[in-house]
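# Breakdown of the fold
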Amino acid sequence: MELNELEKIRIEKIRRLKELGIESYPTRSNIDTTIKKACDAFIKAEQNEMPDPIAVTLGGRMRSLRVMGKLAFTHIEDSTGKIQLFLRVNELGEKLQIFKDFFDLGDFVEAHGTMIRTKTGEISLQVDDFRMLAKAITALPAAKEEMIDGQVVRYTGLSDPEIRYRQRYADLVVNPDVKKIFYTRTKLVNSLREFLNQNDFLEVETPILQPIYGGAAAKPFTTHHNQLHQDLYLRISFELYLKRLLVGGLDRVYEIGRDFRNEGVSYKHNPEFTQLEFYCAYFDYLKVMDFTEKMIRYAAEKTLGTTQLSYNGIEFDLSKPWNRVNMREGILEKTGIDIANYTDRETLSSVMKEKGMQFKPEIPRGKLIDHLVSEYLEPSFLQPTFLYDYPWEISPLAKRKPDDPTTTERFEGFIAGMELCNAFTELNDPIDQELRFLEMGRAYATDDDENNPIDEDYLQAMRYGMPPNGGFGMGIDRLTMLFTDSSTIREVLLFPHLRDRDNESAEGVPAV
RNA sequence: GGGCGUAUAGCUCAAUGGUAGAGCAGUAGCCUUUUAAGCUAUUGGUUCUGGGUUCGAAUCCCAGUACGCUCACCA
């Protein structure tokens, strides 16, 4: 490992401390409370006429340091807050020199003393003893502000996005807003769980390693089980396993977990992402719509304390009902094309060409419609919107409308032009399902990557009888983006996927 | 995958083709109520990598790598 100058200096300090009999990484600490608890107790005690002195042992990371001749100030930080340590020669004698010589920003320290207020009124710990808990060798980026010519110059501690994502640990220490995003994310997930649990849903865990992948159209990651000599896929969705559970009599189930898709990375795509899926017996897609509105509203109230959100300058209110747009009507309104009049690929593609639209000419009808939606509808869905009634060709797991077998009871939810969720009245007819699987196989026969093999066992499950039910899937990362006003998915992932930096094995291998 | 852009000290950034700098951090010294501490001095560079042009390259050209934006792809 290559050490820079600053790191060598700190290693030398560790060595010199050892000579003085001081361990830089002791095994145990003697901390007896958190910074917040100590401050709260002190504030409470101050309200008495003659408060008793409060003695505590606190621990944390040194975040600021001001050393003078015979005294020193430093702020230490734990996950509950920050407090100033006040170190004087009066209490510490010669030991103060140890602090001045060997303690640096970033070190974890422990300090015993009495809670006081300094002359400026700041709650502080007047230290009578201190210890190193863990020496930091690499210096944290310095975060400071300075007045230059009347302008506040902010030295952002760490702003290079590459280092921020690759060394998220440093990012979290230095940039407090980052920490806030992940607290919000966890609160959001907790609130969704809470809501589903309150509605009698059962949380379950289904296989991530799957012999047949399905439930979505996406390229999978593949892997191999050595002993079983079996190729396996990382799941691209939970759908087919969760619906098996409805056959088994678990009427309301949900799972929150990771999906993996071997596809492009973008501001709203990461190869692994967190999904919420639920399935509810005896629901149809209209009930799922209502339920979705309630759930997301609940999540906003619980997580943010408000339903008024702003994303990328777009204001929206989750307490209001979402807009509902019928797909056929929506497309007609935006493009003048009534897809009901063009029932095959050729006619639809030729009218689209007449309108001067750019698209791959060979794609099937379903994908043409999908193109119309993503090109002309999605970007206009800035306010929360359900787009509903999707063509059957692109919805192989959704039930057909009773009065129109070419259309399925399916909707997707959008906010700020971004797809957030996808739901339908689930197809529970095993005979139709088999036809649909066969049809999919034909449609994608030329496209190897998306040619999902037929899941015979899933059909077997359905033949035992699956209750009518409504299902729902939502990207948790995207909802977190909306809740934290983050412009890219990487900001809401602790460790977003990045390309290998120094991959020796990749060297000299020509790009395929 | 395409286009555009970025890469310089630990961090944030400067630098007409002509000696590679600043602030913060660091180091040494002074300093008993600081919190942007202050004052004095000072260390620190494979200018992303590899080629090329040139008397001379951080700067211009070519190739590569990583990152960013964007387009394409993506139920």
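Because the structure is predicted, anything quoted here is derived from the model rather than measured. (Residues numbered from 1 in each chain as written. Chains lettered and ligands numbered in written order. Predicted model: local features only at pLDDT ≥ 70, side-chain atom pairs only at ≥ 80, totals over all residues. Heavy atoms only, no water.)

The secondary structure content of chain A amounts to 15 helices and 21 strands. Out of the 512 residues in chain A, the part that is buried amounts to 46%. Pairs at least 24 apart in sequence give 65% of the contacts found in chain A among residues at least 6 apart. Summing over all exposed atoms, chain A offers an accessible surface of approximately 27200 Å²; the carbon and sulfur share of this is 50%. Each charge class in chain A can be summarised by its mean position, and for the 65 positive and 83 negative side chains these summaries are 5 Å apart. (Helix = DSSP H or I, 4+ residues; strand = E, 2+ residues; numbered from the N terminus. Buried < 20%, exposed > 50% of the residue type's maximum accessible area, 1.4 Å probe, protein only. Contact = heavy atoms within 4.5 Å. Areas by Shrake-Rupley, 256 points an atom, 1.4 Å probe, with all protein chains shown as cover. Lys, Arg positive; Asp, Glu negative; His and termini not counted. Charge placed at Lys NZ, Arg CZ, Asp CG, Glu CD.)

Glancing now at the pattern of salt bridges. Tallied over the full model, the rule gives 39 salt bridges. One salt bridge in this structure joins Asp107 and Lys135, with 2.6 Å as the shortest N-O distance. Taken together, the positions of Asp107 in the loop between helix H4 (95-102) and strand E4 (108-117) and Lys135 in the loop between strand E5 (123-134) and strand E6 (144-148) put the pair 28 residues apart, joining distant regions of the chain. Taken individually, Asp107 and Lys135 each receive the classification buried, so the pair is uniform in this respect. Salt bridges here are not isolated pairs; linked through shared partners, they connect Arg10, Lys13, Asp104, Asp107 and Lys135. (Salt bridge = Lys/Arg side-chain N within 4 Å of Asp/Glu carboxyl O.)

Quick look at the packing of aromatic side chains now. The geometry of an aromatic ring pair is captured by the separation of the ring centres together with the interplanar angle, meaning the angle of the planes. Per the counting criterion, the structure on display carries 16 aromatic pairs. Pairing Phe99 with Phe103 gives two aromatic rings, centres 5.2 Å apart and planes at 35°, and the pair type is tilted. Here the two residues Phe99 and Phe103 agree in accessibility, since each one is buried. Through a chain of ring-to-ring contacts, the aromatic side chains of Phe195, Phe201, Phe278, Phe283, Phe291, Tyr298 and Phe472 assemble into a single cluster. (Phe/Tyr/Trp six-rings, centres within 6.5 Å; stacked < 30°, edge-to-face > 60°.)

Right, let's get into unusual backbone geometry. Among all residues save glycine, negative phi is the norm, and among peptide bonds the norm is trans. In this structure, Asp200 is a non-glycine residue whose phi angle is positive, near 65°. As for its placement among the helices and strands, Asp200 is situated in the loop between helix H7 (176-198) and strand E8 (202-203). Residue Asp200 is classed as exposed on the basis of its relative accessible area of 63%. You will see that Asp485, though not glycine, has its phi angle at about 55°, which is positive. In this structure Asp485 comes out as partly exposed when scored by relative accessible area, which is 41%.

Under the counting rule described, the total for this entry stands at zero disulfides. The closest cysteine sulfur to the non-disulfide-bonded Cys280 is located on Cys421, 16 Å from its own sulfur. Assessed through its relative accessible area of 0%, Cys280 is described here as buried. (Disulfide = S-S within 2.5 Å.)

This paragraph deals with the sheet that holds strand E11 (residues 230-234). The sheet built from three strands is open, its strands ordered E9-E11-E10 with antiparallel pairing. Looking at strand neighbours, the two that pair on one side only are strand E9 (209-210) and strand E10 (222-225), the edges of this open sheet. (Pairing = 2+ DSSP bridges.)

In this section: the sheet that holds strand E2 (residues 71-78). Spatial ordering of the closed barrel is given by E1-E2-E3-E5-E4, a layout of five strands whose pairing is mixed. Each strand of the sheet is rotated relative to its neighbour by a mean of 55°, with strand direction disregarded. (Axes fitted to C-alpha atoms, helices over the stretch in contact; angles between N-to-C directions.)

Right, let's talk about helix H14 (residues 456-463) for a bit. Of the positions making up H14, those classed as buried are Tyr458, Leu459, Ala461 and Met462. All buried residues of H14 lie within an arc of 155° about the axis, which places them on one face of the element. After H14 finishes, the residue Gly465 shows a positive phi value of roughly 105°. (Arc of directions from axis to C-beta.)

What follows concerns the confidence of the model for chain A. For chain A, the mean per-residue pLDDT works out to 89, and 92% of the residues sit at or above 70. Note on residues 146-153: pLDDT is under 50 here. Beyond four places in sequence and across chains, it has 10 contacts. Taken together, the stretch residues 446-450 has pLDDT below 50 and engages in six contacts with residues farther than four places along the chain or on a different chain. Reported confidence for the predicted complex is 0.89 by ipTM and 0.91 by pTM. (pLDDT = per-residue confidence, 0-100.)

This brings us to the packing of helix H8 (residues 239-247) against H14. Following both chains from N to C, one finds H8 and H14 inclined at 25°, their axes separated by 9 Å at the closest point. Comparing their axes, H14 and H8 come out roughly parallel. With respect to the hand of their crossing, H8 and H14 are arranged in left-handed fashion. Here Leu240, Lys243, Arg244 and Val247 of H8 come into contact with H14, specifically with Asp457, Tyr458, Ala461 and Met462. Tallied by class, residues from the contact of H8 with H14 come to five nonpolar, no polar and three charged. (Parallel < 35°, antiparallel > 145°, perpendicular 65-115°, else oblique. Left-handed = near helix turned anticlockwise from the far one by under 90°. Nonpolar A, V, L, I, M, F, W, Y, C, P; charged D, E, K, R; others polar.)

Our focus in this paragraph is the environment of Gln358. Following the sequence through the fold, Gln358 ends up in the loop between helix H11 (345-354) and helix H12 (365-377). Relative accessible area serves as the criterion here: at 70%, Gln358 is assigned to the exposed category. Taking C-alpha positions, Gln358 is 67 Å from Ala41, a pair spaced 317 residues apart along the chain.

Moving on to the pairing of E4. Bridge analysis of strand E1 (residues 55-67) against E4 gives seven bridges, and the strand direction is antiparallel. From the neighbouring strand, Thr57 faces E4, where its bridge partner is His112. Where E4 folds back on E5, the antiparallel hairpin that results is connected by five residues, among which Gly121 adopts a positive phi of roughly 90°.

Moving on, we come to the environment of Glu333. With respect to the secondary-structure elements, Glu333 resides in helix H10 (residues 327-335). Judged by relative accessible area, Glu333 falls into the exposed class, the value being 65%.

Judged by nonpolar contacts, the single largest core of 48 residues is most densely connected at Leu276, Met474 and Leu482. Among the elements that make up this core, the one with the highest residue count is helix H9 (residues 285-304) (nine residues). Those residues within four positions of Leu276 in sequence are excluded, and the remaining contacts are Leu192, Leu196, Tyr254, Glu255, Ile256, Met295, Phe472, Gly473, Met474 and Ile476. Formed by 29 residues, the second largest nonpolar core is a distinct cluster that contains Leu85, Met115, Ile123 and Met132. (Core = buried A, V, L, I, M, F, W, Y, C linked by side-chain atoms within 4.5 Å.)

Taken together, the side chains of Tyr169, Leu494 and Phe495 define a hydrophobic patch exposed on the protein surface, amounting to about 350 Å² of accessible area. Structurally, Tyr169 is set in helix H6 (residues 168-174). (Patch = residues over 30% accessible without salt bridge, like charges linked within 9 Å, V, L, I, M, F, W, Y side chains within 5 Å.)

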